[in-house]
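Remarks on the overall topology
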Amino acid sequence: MKPLHGWLLLLPAVALLALFTHWPIVATVWDSFFATPKGGRPAPFVGLENYAVMVADEVFWKSLWNNLWFALGTIPISIALALAMALWVNSAMRGRTWLRMAFFTPTILPMIAVANIWIFFYTPQYGLLEQITGLFGVSGRNWLGSESTALACVMVVAIWKEAGFFMIFYLAALQQIPPSLAEAAAIEGAPRGYYLRRVVLPLLMPTTLFVMVNAVINAVRMVDHIVVMTRGGPNNATSLLLYHVYQVGFVFWDTGYAAALTVVLLVVLGCVAIGQFVFLDRKVHYQ
Amino acid sequence: MRLYEPRGWALGLETAAAWLLGLLWILPLVYAVWTAFHPPEFSAKFVLGAPLTLENFRRAWEAAPFARYFLNSFMLVTMVLAAQFLLCTLAAYSFARYEFRGKEIVFLLVLVQLMIMPDVLIVENYRTMARLGVLDSIPAVGLPYFASAFGIFLLRQAFKTVPRELDEAARVEGAGPLTVLWRVYVPLAKPIYLAYGLVSVSHHWNNFLWPLIVTNSVTSRPVTVGLQVFSSGDQGIDWSVITAATLLTSAPLLLGFLLFQRQFVQSFMRAGIR
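Keep in mind it's a predicted model, so treat the numbers as computed, not measured. (Residues numbered from 1 in each chain as written. Chains lettered and ligands numbered in written order. Predicted model: local features only at pLDDT ≥ 70, side-chain atom pairs only at ≥ 80, totals over all residues. Heavy atoms only, no water.)

It is worth spelling out the UniProt feature "transmembrane region" (unreviewed entry) in chain B at this point. All names here are of chain B. The residues that UniProt annotates with the feature "transmembrane region" (unreviewed entry) are residues 12–34, 69–93, 105–123, 143–159, 180–199 and 239–260. Helix makes up 100% of residues 69–93 and strand 0%, and the two end C-alpha atoms of the span are 36 Å apart. This span, residues 180–199, is 95% helix and 0% strand, and a straight line between its end C-alpha atoms measures 27 Å. (UniProt positions renumbered as here; feature names shortened; annotations may be inferred. Helix = DSSP H or I, 4+ residues; strand = E, 2+ residues; numbered from the N terminus.)

Rendered as structure tokens:
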């Protein structure tokens with residue numbers, strides 16, 4: 001067990017990680033202080049100018065708020081649904097095999113592919129949503145085309161895509177709860193609601209926090225359906241931070257400013273990481 | 001849990017709610033199947049007796065070089081999986097069984113990637129690919145994902161459960177570290193490899209933003225990026241062809257999922273536990 005062998009085994013993976021994770025993190029911060037290089041000339045140092053541009057950039061603020069709403073709207077609902085799904089699928093309910101498949105299927109489908117289908121649901125005039133609301137005499141909405149509904153529409157797609165994935169984690173956790181706890185609770189005469197609230201939920205806490213961290217990361221990087229369904233529109237109503245980075249970096253080719261925008265994402269993800277290390281690990285009682 | 005199953009009217013109510021949610025969840029797929037197998041005039045009209053057809057699939061197949069895209073996706077997924085298995089195995093073995101100074105710090109550095117995935121670092125990674133001169137190639141799509149923190153973590157956990165006696169016995173027989181790894185650790189971690197493999201394959205088959213950025217020709221685009229041509233049609237949207245193309249794109253994973261549903265879900269479960 002020579003230490004040198006240990007290092008050699010690590011080398012390939014760590015070198016690639018350094019090249020595609022650590023170096024880009026450092027380089028992004030560094031590049032955010034430079035203008036975008038043009039032609040063959042090196043980029044001039046501009047200090048905090050990119051950040052000044054950011055502060056004045058309405059689309060940035062819009063994307064930041066959208067992303068915040070996106071996270072606040074999708075995370076609690078998809079976690080709550082995931083928990084309900086897991087409880088159902090873990091019980092002796094009729095058709096639970098079918099249900100498990102139905103809930104989980106969105107997880108394995110490409111987001112870009114299902115986004116195409118969801119566009120149809122939201123299509124004005126003859127889309128599914130219009131056909132259904134038409135039955136109730138309310139119609140004529142352009143769901144993805146109006147600023148008031150577009151963000152909610154893409155959030156629904158995200159919830160639909162994520163809930164089944166999170167369900168799997170809850171299912172795994174539920175199956176690890178020893179049956180003796182239920183027996184003990186039953187002997188004490190605890191009703192079902194009490195058992196779920198006081199025994200099951202606390203035991204699921206570590207899973208909930210793990211799922212929450214994943215959900216936040218996903219809220220930051222899930223933009224495939226934005227690219228296909230709305231392209232950030234209408235009037236930037238569905239622009240999320242990473243989508244704004246993509247626009248600035250690869251549509252307008254302003255890489256200096258895109259680096260500064262990426263720094264914001266890194267700060268957000270860094271806070272999640274620190275939060276997980278410092279706060280969550282201590283608060284949670286692992287079994 | 002069996003003791004605390006819902007009973008009586010609560011059971012009825014919950015079953016109804018679960019089934020309703022299940023129907024809602026599967027609805028997009030049902031719609032896609034309906035539209036893809038029926039003539040275009042039935043794409044938004046749901047008539048029971050509508051004639052079945054495979055014409056939409058033929059038209060979708062001809063509207064884009066899907067054969068090439070499938071080949072690209074297949075090569076991409078295989079390449080990424082092979083590289084991940086190899087690199088993660090070596091690194092995980094080192095973390096699980098070797099002692100050296102700075103190990104904890106390096107491990108923390110690896111875990112950074114769990115939070116900050118290459119998906120977020122697109123600007124800088126694009127620049128790196130340009131410097132390496134590999135833009136618009138299949139390796140460029142896969143490279144940032146070759147070293148996977150998730151894989152290293154998962155395999156490290158698995159390797160740690162291997163009894164040291166097995167390891168030592170093999171060494172007494174004169175096996176070197178790599179032989180021990182290959183003969184003892186890898187076979188014992190087979191279920192983890194399966195789980196991780198399924199997660200990795202579905203993730204990279206479905207990946208979109210990074211391939212969209214880094215590829216721009218037919219010879220390197222995966223199916224997900226190829227599919228995009230259908231959604232950017234200004235000449236009126238043909239839902240039948242779009243849904244057919246959508247089903248084509250998802251078919252390999254969907255078929256695999258339907259055939260191995262139990263293993264699929266269980267492997268995701270196993271891969272999810274930290």
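What follows continues from the structure just given.
Following the criterion strictly, the structure yields 36 aromatic pairs over all chains and no others. A ring pair is formed by Trp 98 of chain A and Trp 19 of chain B, whose centres lie 5.1 Å apart and whose planes are at 15 degrees; its orientation type is stacked. Here Trp 19 of chain B lies in helix H1 (residues 8–36) and Trp 98 of chain A lies in helix H4 (residues 96–108), a pairing that spans two chains. In this structure Trp 19 of chain B comes out as partly exposed when scored by relative accessible area, which is 35%. An angle of 20 degrees between the planes, with centres 6.2 Å apart, marks the rings of Trp 61 of chain B and Phe 70 of chain B as stacked. By relative accessible area, which is 17% here, Phe 70 of chain B ends up buried. Ring-pair connections join several aromatic residues into one group, and the members of that group are Trp 118, Phe 120, Phe 121, Tyr 122 and Trp 160 of chain A together with Tyr 31 and Trp 239 of chain B. (Phe/Tyr/Trp six-rings, centres within 6.5 Å; stacked < 30°, edge-to-face > 60°. Buried < 20%, exposed > 50% of the residue type's maximum accessible area, 1.4 Å probe, protein only.)

So, about the interface of chain B and chain A. Buried accessible area, meaning the area lost when the parts come together, often serves as the stated size of an interface. At the junction of the two partners, chain B supplies 97 residues and chain A supplies 107 residues. Surface buried jointly by chain B and chain A totals about 9,200 Å² across both partners, of which 75% is contributed by carbon and sulfur atoms. Taken together, chain B and chain A are joined by three salt bridges. A salt bridge links Arg 221 of chain A to Asp 119 of chain B, with the nearest nitrogen and oxygen atoms 2.8 Å apart. (Contact = heavy atoms within 4.5 Å. Buried area = accessible area lost by both parts, 1.4 Å probe. Salt bridge = Lys/Arg side-chain N within 4 Å of Asp/Glu carboxyl O.)

According to UniProt, the "transmembrane region" (unreviewed entry) feature falls on residues 68–89, 101–121, 149–174, 195–217 and 257–280 of chain A. For the annotated span residues 195–217 of chain A, helix accounts for 96% and strand for 0% of the residues, and the straight-line distance between the end C-alpha atoms is 32 Å.

The tally for this structure, following the rule as stated, stands at nine salt bridges over all chains. The closest approach of N and O atoms between Lys 62 of chain A and Glu 147 of chain A, which form a salt bridge, is 3.9 Å. Of this pair, Lys 62 of chain A sits in helix H3 (residues 58–90) while Glu 147 of chain A sits in helix H7 (residues 147–174); the two residues are 85 residues apart in sequence, bridging distant segments of the chain. Across the salt bridge formed by Arg 192 of chain A and Glu 14 of chain B, the nearest N and O atoms sit 2.9 Å from each other. With Arg 192 of chain A in helix H9 (residues 192–203) and Glu 14 of chain B in helix H1, this pair bridges two chains. By relative accessible area, Arg 192 of chain A is classed as partly exposed at 23%. Taken together, the salt bridges that share partners define one network made up of Asp 31 of chain A together with Glu 124 and Arg 127 of chain B.

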